[in-house]
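# Fold and contact review
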Protein chains: 2
Amino acid sequence: MSAPQINIKRLNSQDAGFKETLLSSLSLPMGDDEAIDLAVARILAQVQSQGDEALVALTKQFDRLDVANVSDLVLTRAELEQAYLDLSPEQKNALDIAAVRVRAYHEVQKVEAGCHSWEYVEADGTRLGQKVTALDRVGIYVPGGKAAYPSSVLMNAIPAKVAGVKEVIMVVPTPDGARNPLVLAAAWLAGVDQVFTIGGAQAVGALAYGTNTVPSVDKIVGPGNAYVAAAKRKVFGTVGIDMIAGPSEILILCDGTTNPDWIAMDLFSQAEHDELAQSILLCPDAQFIERVQESINRLLPEMPRKKVIETSLTNRALLIQVQDMSEACEIANAIAAEHLEICTLEPRKWAEQIRHAGAIFMGNYTSESLGDYCAGPNHVLPTARTARFSSPLGVYDFIKRSSMIEVSEAGAQTLGAVASTLAHGEGLQAHARAAEMRLKK
Amino acid sequence: MSAPQINIKRLNSQDAGFKETLLSSLSLPMGDDEAIDLAVARILAQVQSQGDEALVALTKQFDRLDVANVSDLVLTRAELEQAYLDLSPEQKNALDIAAVRVRAYHEVQKVEAGCHSWEYVEADGTRLGQKVTALDRVGIYVPGGKAAYPSSVLMNAIPAKVAGVKEVIMVVPTPDGARNPLVLAAAWLAGVDQVFTIGGAQAVGALAYGTNTVPSVDKIVGPGNAYVAAAKRKVFGTVGIDMIAGPSEILILCDGTTNPDWIAMDLFSQAEHDELAQSILLCPDAQFIERVQESINRLLPEMPRKKVIETSLTNRALLIQVQDMSEACEIANAIAAEHLEICTLEPRKWAEQIRHAGAIFMGNYTSESLGDYCAGPNHVLPTARTARFSSPLGVYDFIKRSSMIEVSEAGAQTLGAVASTLAHGEGLQAHARAAEMRLKK
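Here is what the cut-offs are and how they apply
- Residues numbered from 1 in each chain as written.
- Chains lettered and ligands numbered in written order.
- Predicted model: local features only at pLDDT ≥ 70, side-chain atom pairs only at ≥ 80, totals over all residues.
- Heavy atoms only, no water.
- UniProt positions renumbered as here; feature names shortened; annotations may be inferred.
- Contact = heavy atoms within 4.5 Å.
- Buried area = accessible area lost by both parts, 1.4 Å probe.
- Salt bridge = Lys/Arg side-chain N within 4 Å of Asp/Glu carboxyl O.
- Polar contact = N/O pair within 3.5 Å; in protein donor to acceptor, adjacent residues only side chain to side chain.
- Helix = DSSP H or I, 4+ residues; strand = E, 2+ residues; numbered from the N terminus.
- Nonpolar A, V, L, I, M, F, W, Y, C, P; charged D, E, K, R; others polar.
- Pairing = 2+ DSSP bridges.
- Least-squares fit on C-alpha atoms with pLDDT ≥ 70 in both.
- Buried < 20%, exposed > 50% of the residue type's maximum accessible area, 1.4 Å probe, protein only.
- Axes fitted to C-alpha atoms, helices over the stretch in contact; angles between N-to-C directions.
- Expected span 1.5 Å × (residues − 1).
- Domains from an automatic or database assignment.
- Parallel < 35°, antiparallel > 145°, perpendicular 65-115°, else oblique.
- Left-handed = near helix turned anticlockwise from the far one by under 90°.

Chain A carries the name Histidinol dehydrogenase in an unreviewed UniProt entry, which gives Polynucleobacter meluiroseus as its organism. The record held by UniProt for chain A lists under Function (unreviewed entry) the comment "Catalyzes the sequential NAD-dependent oxidations of L-histidinol to L-histidinaldehyde and then to L-histidine." Quoted straight from UniProt, the Pathway (unreviewed entry) entry for chain A says "Amino-acid biosynthesis; L-histidine biosynthesis; L-histidine from 5-phospho-alpha-D-ribose 1-diphosphate: step 9/9."

Here you go:
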């Protein structure tokens with residue numbers, strides 16, 4: 001009995017118009033968000049004007065939770081700890097190891113990625129530098145329901161805590177009162193300070209503006225549905241936000257020396273996220289691409305999420321034959337994928353040619369799923385080609401810098417003359433006078 | 001003849017409702033931007049669909065420049081150099097010194113603020129780290145007309161070049177063909193690679209989408225009017241953007257030991273930017289506040305921009321009497337000002353208590369205007385209390401990071417078991433299988 005053929009789009013880098021076809025295959029039609037924007041604007045206004053009262057009403061409306069006060073929507077640290085203690089030994093152990101490894105990686109990142117204050121002194125005594133401070137209070141949005149990921153709790157909360165954020169406030173909807181014990185356990189393990197069982201645009205509004213019960217935060221991070229994303233865009237400026245994530249993507253560069261079943265499963269592991277996720281293979285070996293297609297056909301029927309995988313692969317996946325690995329790297333830079341696997345001999349050689357990718361997984365043993373859960377690096381990564389200009393979530397997203405300037409009396413003489421000339425050139429005479437007043441007569 | 005009394009709002013931290021009054025004095029009513037948003041959406045759509053042709057038409061419409069091709073809107077490097085060579089020796093010297101100092105500061109920042117790749121190796125051979133890459137191509141928006149600031153060209157272009165950005169593309173409108181020689185000279189000095197004399201939302205669209213003549217960039221930085229700001233918000237996601245700046249602000253903490261004329265002029269130098277700029281003084285000494293008011297009354301009539309200054313001070317300035325310097329620091333943290341001057345004995349002692357500010361100017365000789373032009377640190381700073389979560393423009397804004405993960409065969413055994421458990425817990429079986437396939441039987 002032959003396995004059903006899954007129809008995946010094939011491209012060859014030598015095809016006429018290849019570059020255009022590729023780029024148009026990457027982009028998604030923009031949804032018409034006007035209705036969502038309007039609904040979100042109303043919810044935010046309601047939360048801003050009515051505070052706790054609005055949270056109770058909206059949580060009853062959207063999550064079917066009928067409570068008298070927002071205080072009934074608070075989870076205590078004791079409840080989080082109990083969720084952790086109730087896990088199976090295997091789950092507890094896995095979550096422990098993941099948390100330890102994510103923390104260790106971000107501790108190194110804090111040092112290496114320059115999250116420290118610095119200063120230097122010039123010959124005339126003028127001192128210049130920057131002071132680094134952690135954010136005071138951060139909010140983490142955690143989706144409830146079907147996409148409730150404990151790993152995301154670790155990935156968002158741990159870098160904040162490593163950065164030195166004093167208060168991490170988590171919001172997570174619990175529709176019909178259904179709580180996810182793994183999510184609560186992860187919150188306990190990551191050191192989340194307070195949890196509210198609220199969600200949607202109303203939770204984003206509560207974190208941005210504050211209510212009597214929910215404290216206002218300085219930045220909101222974490223994934224959510226279209227309403228949550230629209231709300232985050234809307235409150236940006238009042239608070240900081242992380243990126244607005246698009247559907248997940250994997251790009252695999254393979255020279256044909258990998259077990260094709262591994263490649264097929266790595267493509268699946270992206271496709272199973274949702275129907276809009278995108279899985280792409282670049283390979284110079286036509287026969288190997290054929291073998292991957294066979295693996296896909298054979299393995300797909302076994303997968304519990306086969307429907308989602310099949311839709312995603314049929315609509316969005318690409319199997320692309322390239323001339324050689326150098327060309328594969330060039331194409332990878334144009335794609336700027338969220339996840340890039342380099343499944344080749346000498347993967348580091350090719351990694352050197354990569355300029356744009358959220359995370360680079362090198363070698364056949366580095367399946368993307370290891371990075372998703374427990375390798376240590378963050379799994380919150382730039383999607384939709386934004387790796388051209390943005391970075392994985394990190395400790396650096398939970399600190400900010402203040403420039404430090406202390407000009408000596410001698411420094412004010414030389415700098416004052418320069419500032420005066422330039423300020424007059426810009427027609428800003430008070431700027432000039434402020435500098436001139438510090439000059440000795 | 002007594003000088004006219006400028007009416008500036010006085011507060012005392014002991015007033016009932018002080019905190020609320022202060023916070024409401026900081027915020028500006030949100031403008032109704034619907035008309036601007038709609039106009040900008042149309043312009044962006046026109047540029048995206050018609051490219052160069054749209055740029056020619058819109059530049060004719062808005063800047064009254066009638067050219068046949070976009071190539072007539074290109075300034076050559078030779079023209080930039082000529083603008084520099086034509087400056088007076090004094091201006092040339094001032095611009096040279098400013099450029100050298102801004103470059104020197106950002107060179108140190110590149111090292112200290114962690115703009116380098118790093119990696120560590122675990123006991124089982126697994127390697128984890130991050131790769132730092134400069135952005136490929138950056139666009140700088142420079143306003144034309146009344147707010148054309150050569151210093152802004154230096155502050156935006158130099159950090160990009162220090163970061164290693166290969167191509168810096170500048171756009172600057174030249175209404176009626178009027179070019180600002182200082183702006184062009186600054187572009188030459190900062191190493192800008194290409195200049196187009198286009199502006200407004202159409203310039204932002206050209207940089208974001210690219211046309212036949214204007215190359216698409218990865219990030220757009222630089223200040224602009226409401227149309228430019230709206231266009232930047234709109235193209236965010238397609239390209240990166242810097243922050244959307246609000247009106248400029250200065251907060252001065254003074255213990256009463258400074259020449260009150262200096263304080264008055266520093267308040268002016270913010271107020272002269274525009275009517276919405278905000279200048280605030282915090283001081284524990286009521287008599288000194290009185291002396292500053294006298295200096296303001298006496299000095300204002302001399303200022304060429306006295307009308308702007310008077311409107312700004314009358315509508316938005318605050319003179320606040322505090323209990324002591326510790327309380328001043330607390331209030332400063334609540335305000336989170338763009339520019340914070342600490343004009344006191346022992347300014348560093350108070351700076352230690354400051355958590356939120358864009359730039360901190362310490363000591364009586366450090367007028368904010370020195371920082372605006374030539375001290376070295378960037379003058380693009382977070383406004384409107386966003387210093388709670390964001391930073392001065394810096395080298396770090398022109399690089400991005402890719403996580404690097406290379407799991408050894410041994411590492412895949414321990415991590416694979418953990419990932420498998422967690423993936424099953426999240427109902428993502430393909431993730432689990434991808435990890436399990438790498439386990440030795």
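Read on, since the account is not over.
On the side of chain B, 118 residues touch chain A, which itself brings 118 residues to the contact. Carbon and sulfur atoms supply 59% of the area buried between chain A and chain B, which totals about 10,600 Å² over both sides. Viewed at the interface, chain B and chain A are joined by 14 salt bridges. Note that Arg 433 of chain A is salt-bridged to Glu 302 of chain B, the shortest N-O span being 3.0 Å. Counting the contacts that link chain A with chain B gives 73 residue pairs in polar contact (both at pLDDT 80 or more). Per-element tally for the side of chain A that touches chain B: the top contributor is helix α5 (residues 89–112) of chain A, with 12 residues. For the side of chain A that touches chain B, the per-class residue count stands at 57 nonpolar, 32 polar and 29 charged. Relative to strand β14 (residues 359–362) of chain B, strand β15 (residues 399–406) of chain A runs parallel, the two being bridged by three bridges. Residue Ser 403 of chain A lies in a different strand from β14 of chain B, and its bridge partner there is Ala 359 of chain B.

Turning our eyes to something else, we now look at the relation of the copies chain A and chain B. The second copy of the chain is related to the first by a rotation about an axis and a shift along the axis. It takes a turn of 180 degrees to lay chain A on chain B, together with a shift of 0.0 Å along the axis; the resulting RMSD is 0.0 Å. On this basis, the relationship between the two copies can be described by a two-fold rotation axis. Closest approach to the rotation axis among the C-alpha atoms of chain A is made by Gly 114 of chain A, whose C-alpha sits 1.9 Å away. Both copies share a contact surface, since 100% of the interface residues of chain A are interface residues in chain B too.

Residues and elements named next belong to chain A. Annotation from UniProt places "binding site: Zn(2+)" (unreviewed entry) at Gln 270, His 273, Asp 372 and His 431. In summary, the annotated positions, distributed over 162 residues, remain apart in three dimensions as well, the widest C-alpha pair reaching 55.7 Å. Mapped onto the fold, His 273 is located in the loop between α10 (260–271) and β11 (278–283). On the accessibility criterion, His 273 (22% relative accessible area) is partly exposed. Take His 431: it is sitting in helix α17 (residues 429–436). For His 431, a relative accessible area of 1% corresponds to the buried category.

On to the sheet that holds strand β5 (residues 137–141) of chain A. Residues and elements named next belong to chain A. Pairing is mixed across the open sheet formed by six strands, whose spatial order is β2-β7-β6-β5-β8-β9. Each of the sheet's edge strands pairs with one partner strand only, and the pair in question is β2 (74–75) and β9 (240–241). In this sheet, strand β8 (residues 219–221) lies alongside β5 in parallel orientation, the contact comprising three bridges. Considered in β8, the bridge of Gly 139 is made with Ile 220. In the packing of helix α9 (residues 226–235) onto the sheet, the strands contacted are β5, β8 and β9, and the crossing angle to β8 comes to about 160 degrees.

As a further point, take α10 of chain A. Working note: α-helix, 3.6 residues per turn, so residues spaced by three or four point in the same direction. When the terminal C-alpha atoms of α10 of chain A are compared, their 17 Å separation across 12 residues agrees well with the 16 Å that a helix rising 1.5 Å per residue should span. Of all 12 residues making up α10 of chain A, 12 are buried, and the element is well covered by its neighbours.

Residues and elements named next belong to chain A. UniProt annotation of "binding site: NAD(+)" (unreviewed entry) refers to Tyr 141, Gln 202 and Asn 225 when read in the numbering used here. Separation in sequence by 85 residues is not matched in space for these annotated residues, since their most distant C-alpha atoms are only 12.7 Å apart. Within the secondary structure, Gln 202 sits in helix α8 (residues 200–209). If we ignore the near neighbours within four places in the chain, the residues touching Gln 202 are Ile 43, Val 47, Leu 55, Leu 58 and Phe 62. At 3.1 Å, the side chain of Gln 202 and the backbone oxygen of Gly 199 are in polar contact.

When cut into domains, chain A gives domain 1 (9–28 + 246–388), domain 2 (34–115 + 136–241) and domain 3 (408–436). Each of domain 1 of chain A and domain 3 of chain A was reduced to a C-alpha centroid, and the two centroids are 56 Å apart.

What follows covers the sheet that holds strand β1 (residues 9–12) of chain A. Read across the sheet, nine strands follow the order β1(A)-β12(A)-β11(A)-β10(A)-β13(A)-β14(A)-β15(B)-β4(B)-β3(B) without closing on themselves; strand pairing throughout is mixed. Whereas interior strands pair on both sides, the edge strands pair on one side only; in this sheet they are β1 of chain A together with β3 (118–121) of chain B. Going across the sheet, the axis of each strand differs from the next one's by a mean of 20 degrees, ignoring polarity. Sheet topology note: the β3 of chain B/strand β4 (residues 127–134) of chain B ladder contains four bridges and is antiparallel. Bridge pairing in β4 of chain B links Tyr 120 of chain B to Leu 128 of chain B. This element, helix α11 (residues 286–299) of chain A, spans β1, β10 (249–254), β11 and β12 (318–321) of chain A of the sheet and lies at about 165 degrees to β12 of chain A.

Next up on the list: the packing of α10 of chain A against helix α17 (residues 429–436) of chain B. Helix-helix packing is characterised by the crossing angle of the two axes and by the distance between the axes. One can describe the packing of α10 of chain A onto α17 of chain B by two numbers: an axis separation of 8 Å at closest approach and a directional angle of 155 degrees. Relative to α17 of chain B, α10 of chain A is oriented roughly antiparallel. Note that α10 of chain A runs across α17 of chain B; the crossing there is left-handed. Residue-level contacts link Met 265, Asp 266, Phe 268 and Ser 269 of chain A of α10 of chain A to Ala 430, His 431, Arg 433 and Ala 434 of chain B of α17 of chain B. Looking at the contact of α10 of chain A with α17 of chain B, its residues break down into four nonpolar, two polar and two charged.

What follows is about the pattern of salt bridges. It is possible for side chains of opposite charge to pair when their charged atoms get near one another. Scanning the model with the defined rule gives 36 salt bridges over all chains in all. Asp 136 of chain A is the partner of Arg 355 of chain B in a salt bridge, and the nearest nitrogen-oxygen pair spans 3.0 Å. You can see Arg 355 of chain B sitting in the loop between α14 (347–351) and β14 and its partner Asp 136 of chain A sitting in the loop between β4 (127–134) and β5, one on each of two chains. A relative accessible area of 32% means that Arg 355 of chain B is categorised as partly exposed. Across the salt bridge formed by Arg 179 of chain B and Glu 79 of chain B, the nearest N and O atoms sit 3.2 Å from each other. Separated by 100 residues along the polypeptide, Arg 179 of chain B in the loop between β6 (167–171) and α7 (181–190) and Glu 79 of chain B in helix α4 (residues 77–85) bring together distant segments of the chain. Taking relative accessible area as the criterion, Arg 179 of chain B reaches 44% and is therefore assigned partly exposed. For Glu 79 of chain B, a relative accessible area of 32% corresponds to the partly exposed category. What emerges from the salt-bridge pattern is a single network uniting Glu 119, Arg 127 and Glu 406 of chain A together with Arg 348 of chain B.

In this section: the side chain of Ser 13 of chain A. Residues and elements named next belong to chain A. Here Ser 13 shows up in the loop between β1 and α1 (18–26). Judged by relative accessible area, which is 10%, Ser 13 ranks as buried. Among the polar contacts listed, one links the side chain of Ser 13 to the side chain of Glu 327, at a separation of 2.7 Å.

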